[in-house]
Amino acid sequence: MSIMVVWQKEITVALLLFVLVSIVGGISGWFLHLTLLLVLGLLINQLIQINRFEKWLSKMSGGNYPKSFGVWEEIYLHVYRIRKNNKKRKKKLSKMIDQFRQSTEALPDAAVVLGENDEIDWTNKAARDVFGLQQSDKGQRIPYLIRFPEFIRYLNSGNYSEAVIIPSPINNHISLSVRIVPYGAGLRLLLAQDVTQIKMMERMRRDFVANVSHELRTPLTVLKGYLETLQDIDDGLSPVLTGSLQQMYGQTERMQHLVDDLLLLTRLESQQKKAVCVNIPELLSHICQEGDTLSGRQIELSLETNNNIMGEEQELRSAFTNLLSNALKYSSDDSVVKVRWYVNQDESILAVEDQGEGMSTNDMGRVTERFYRVEVKRSKKISGTGLGLAIVKHVLMRHDAQLNITSELGKGSCFSCHFPAKRIC
Ligand code: ADP
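Here is what the cut-offs are and how they apply
- Residues numbered from 1 in each chain as written.
- Predicted model: local features only at pLDDT ≥ 70, side-chain atom pairs only at ≥ 80, totals over all residues.
- Heavy atoms only, no water.
- Helix = DSSP H or I, 4+ residues; strand = E, 2+ residues; numbered from the N terminus.
- Expected span 1.5 Å × (residues − 1).
- Buried < 20%, exposed > 50% of the residue type's maximum accessible area, 1.4 Å probe, protein only.
- Arc of directions from axis to C-beta.
- Contact = heavy atoms within 4.5 Å.
- Near = heavy atom within 4 Å.
- Polar contact = N/O pair within 3.5 Å; in protein donor to acceptor, adjacent residues only side chain to side chain.
- Nonpolar A, V, L, I, M, F, W, Y, C, P; charged D, E, K, R; others polar.
- Bend = angle between axes of the 7 residues up to and from the residue.
- Domains from an automatic or database assignment.
- Axes fitted to C-alpha atoms, helices over the stretch in contact; angles between N-to-C directions.
- Parallel < 35°, antiparallel > 145°, perpendicular 65-115°, else oblique.
- Left-handed = near helix turned anticlockwise from the far one by under 90°.
- Pairing = 2+ DSSP bridges.
- Core = buried A, V, L, I, M, F, W, Y, C linked by side-chain atoms within 4.5 Å.

> Just give me the short version of helix H8 (residues 280–295), but keep the residues and values in it.
With 16 residues, H8 ought to run about 22 Å at 1.5 Å a step, and its terminal C-alpha atoms sit 22 Å apart, in line with that. What H8 keeps buried is the set Ile280, Pro281, Leu283, Leu284, Ile287, Cys288 and Gly291. The arc that holds the buried residues of H8, viewed along the axis, is 160°, so those residues lie on one side. Across from the buried face of H8, at angles greater than 90 degrees, the exposed residues are Glu282, Gln289 and Thr293. Where H8 is buried, its residues touch strand S6 (276–278), strand S7 (299–303), strand S8 (309–311), helix H9 (313–329), strand S9 (337–344) and strand S10 (347–353). Immediately beyond the C-terminal end of H8, within one or two residues, lies Gly296, with a positive phi of roughly 65°.

> Quick one: what's the story with the site of the ligand, residue by residue and with numbers?
Neighbouring residues of the ligand: 20 residues in total, closest Asn326, Tyr330, Arg373, Thr385 and Leu389. One of the side-chain nitrogen or oxygen atoms of Asn326 is found 2.8 Å away from an oxygen atom of the ligand. In this structure, an oxygen atom belonging to the ligand sits 2.7 Å away from a side-chain N or O atom of Tyr330. Where the shell around the ligand is concerned, the elements lending two or more residues are H9, helix H12 (388–398) and strand S12 (412–419). Ranked by residue count, the leading element in the shell around the ligand is H9, at three residues. A per-class count over the shell around the ligand returns nine nonpolar, eight polar and three charged.

> Before we move on, could you go through helix H6 (residues 196–233) and cite the residues and values that matter?
Along its 38 residues, H6 runs 56 Å from first to last C-alpha, staying within 8% of the 56 Å computed at 1.5 Å per residue. Along its length, H6 shows its largest kink, about 25°, at Arg217, and proline Pro219 lies within four residues downstream of that point. Among the residues of H6, Arg206, Ala210, Ser213, Leu220, Lys224 and Leu227 are the ones counted as buried. The inward-facing, buried residues of H6 abut helix H7 (239–270).

> Help me get a handle on the domain arrangement of the chain, residues and values and all.
Split into domains, the chain comes out as domain 1 (3–99), domain 2 (107–194), domain 3 (199–270) and domain 4 (276–375 + 382–423). The distance between the C-alpha centroids of domain 1 and domain 3 comes to 99 Å.

> Account for the packing of H8 against H9, naming residues and giving values.
Contact geometry of H8 with H9 gives a least axis separation of 10 Å together with a crossing angle of 40°. Classified by the interaxial angle, the pair formed by H8 and H9 is oblique. Here H8 and H9 pass one another in a crossing that is right-handed. Contacts between H8 and H9 involve Ile280, Leu283, Leu284, His286, Ile287, Cys288, Glu290, Gly291 and Ser295 on the former and, on the latter, Glu313, Leu316, Arg317, Phe320, Thr321, Leu324 and Leu328. In terms of residue class, the contact of H8 with H9 is made up of nine nonpolar, four polar and three charged.

> How would you sum up the sheet that holds S12? Please name residues and give values.
Note on sheets: strands pair through backbone hydrogen bonds, and any given pair is parallel or antiparallel. Pairing in this open sheet of five strands is mixed, and the strands run S7-S9-S10-S12-S11 from one edge to the other. Edge strands, defined here as strands with exactly one partner in the open sheet, are S7 and strand S11 (402–408). Each adjacent strand pair in this sheet contributes to an overall mean axis angle of 15°, direction not counted. Looking at chain direction, S11 and S12 are connected through seven bridges and run antiparallel. Among the inter-strand pairings, Asn404 is bridged to a residue of S12, identified as Ser416. The sheet contacts of H9 involve S7, S9, S10 and S12, and relative to S12 the element is tilted by about 165°.

> Tell me about the packing of H9 against H12, and please be specific about residues and values.
Look at H9 against H12: their axes get within 9 Å of each other, and the N-to-C directions meet at 140°. The angle between the axes of H9 and H12 places the two elements in the oblique class. Crossing hand, H9 versus H12: left-handed. Along its contact with H9, which presents Glu315, Leu316, Ser318, Ala319, Asn322, Leu323 and Asn326, the element H12 presents Gly388, Leu389, Ile391, Val392, Val395 and Arg398. Of the residues assigned to the contact of H9 with H12, the class counts are seven nonpolar, four polar and two charged.

> Explain the side chain of Asp118 residue by residue, including any values.
Along the chain, Asp118 turns up in the loop between strand S1 (110–114) and strand S2 (120–123). Contact partners of Asp118, with chain neighbours within four places excluded, come to Gln140, Arg141, Ile142, Pro143, Leu155, Asn156 and Arg188.

> Give a description of the nonpolar core that names residues and reports values.
Of all hydrophobic cores here, the largest spans 42 residues; its most connected members are Leu316, Phe320 and Phe419. Contributing elements (two or more residues each) for this core: H7, H8, H9, S9, S10, H12, S11 and S12. For this core, the domains that each give at least three residues are domain 3 (199–270) and domain 4 (276–375 + 382–423). Those residues within four positions of Phe320 in sequence are excluded, and the remaining contacts are Ile280, Leu283, Leu284, Ile287, Leu350, Cys417 and Phe419. With 21 residues, the next largest nonpolar core counts Val112, Phe131, Ile166 and Ile180 among its residues.

This is how it looks when you write it as structure tokens:
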């Protein structure tokens with residue numbers, strides 16, 4: 001029944017009652033008393049209905065509603081339907097939450113939901129296993145339970161773009177890659193993955209490369225020595241022999257560079273950093289002078305700041321030399337190479353710019369990979385190991401700096417190293 005019809009019925013009943021009271025009141029002469037009695041009766045009836053309704057509402061069961069008539073029946077029906085729908089929705093939601101919990105509980109990776117104050121809201125089984133957390137730790141602040149300084153620094157930093165590697169608090173042979181993902185209002189999900197195997201493989205690869213490179217050093221030195229002797233005693237009568245000796249010498253030298261670069265990379269990956277205040281203007285003057293002398297090329301050095309950098313001098317020298325020698329190698333002999341040390345916003349920047357062949361956008365994204373060399377005719381002729389820029393990238397990473405590359409085919413390239421303000425000394 002529509003609500004309008006119900007109201008019409010309700011008003012009709014009230015009017016009929018009033019007419020009845022008027023007739024009886026008119027005959028008996030008690031009109032006023034009877035009208036008052038009628039209003040009082042209607043009021044008491046409504047109060048009783050409200051009282052029943054309130055009692056029914058406060059019963060959380062939301063079961064069947066009491067038998068009523070007119071408007072009250074409609075009200076009961078409406079509220080009953082709303083309650084029923086809510087109950088259904090609640091059931092569906094709690095089923096979904098249960099399913100979510102079950103699936104995250106079964107995840108092989110550890111998951112911890114953190115509240116606004118780093119307190120543990122929820123953990124899955126893997127988290128309890130690898131972090132040694134208990135169900136009773138709910139509500140405890142996570143820095144009290146995982147106390148590694150690098151983890152606490154990461155947690156407080158608010159910058160969760162990268163993961164942090166820490167040992168498991170219950171077994172330091174297990175390495176965990178921990179990452180925090182913020183979601184919702186102030187909530188964070190902490191995810192941890194067991195990377196022990198990956199770390200072990202990485203260490204094995206590093207050790208293997210270091211050992212092989214080290215072992216190759218002596219035979220190469222011996223080979224180069226004998227080749228030098230043979231070149232000395234070569235009378236030049238056989239052009240084939242002279243050419244072969246030259247080629248053998250060149251290739252041996254190339255292999256020596258390769259071995260040196262590989263050893264340097266391994267050192268960069270494994271050695272502890274020993275930072276001192278490095279005088280960058282002096283270092284750059286040195287490197288440019290050397291480059292000038294060796295190549296006979298024009299190098300324009302512009303030192304626009306006296307800023308020095310906290311770091312490892314040998315590593316920085318190696319990175320800067322690589323950038324300069326690349327700029328010289330991959331540009332024509334009559335072009336200028338510019339080296340600039342300046343400040344932009346908070347960063348101290350070293351830019352090495354050439355007017356050489358440049359490279360494509362695709363190559364720009366890959367040149368810092370180990371052994372990657374751009375496949376152009378020129379590059380094949382120019383000797384190189386493909387490790388120079390990988391070394392540069394590693395050195396910069398160890399100095400919290402970034403390598404930016406801008407390049408245009410046929411116009412030239414600019415390699416810039418961006419050092420953050422915290423490294424200035
Ligand atoms: P290498 O120079 O020994 O080949 P690098 O790692 O230093 O190795 O460089 C990788 C590749 O990047 C080079 O082979 C070259 O093709 C390209 N490249 C590096 N620097 C420049 C530059 N300044 N201009 C154009 N190409 C460059």
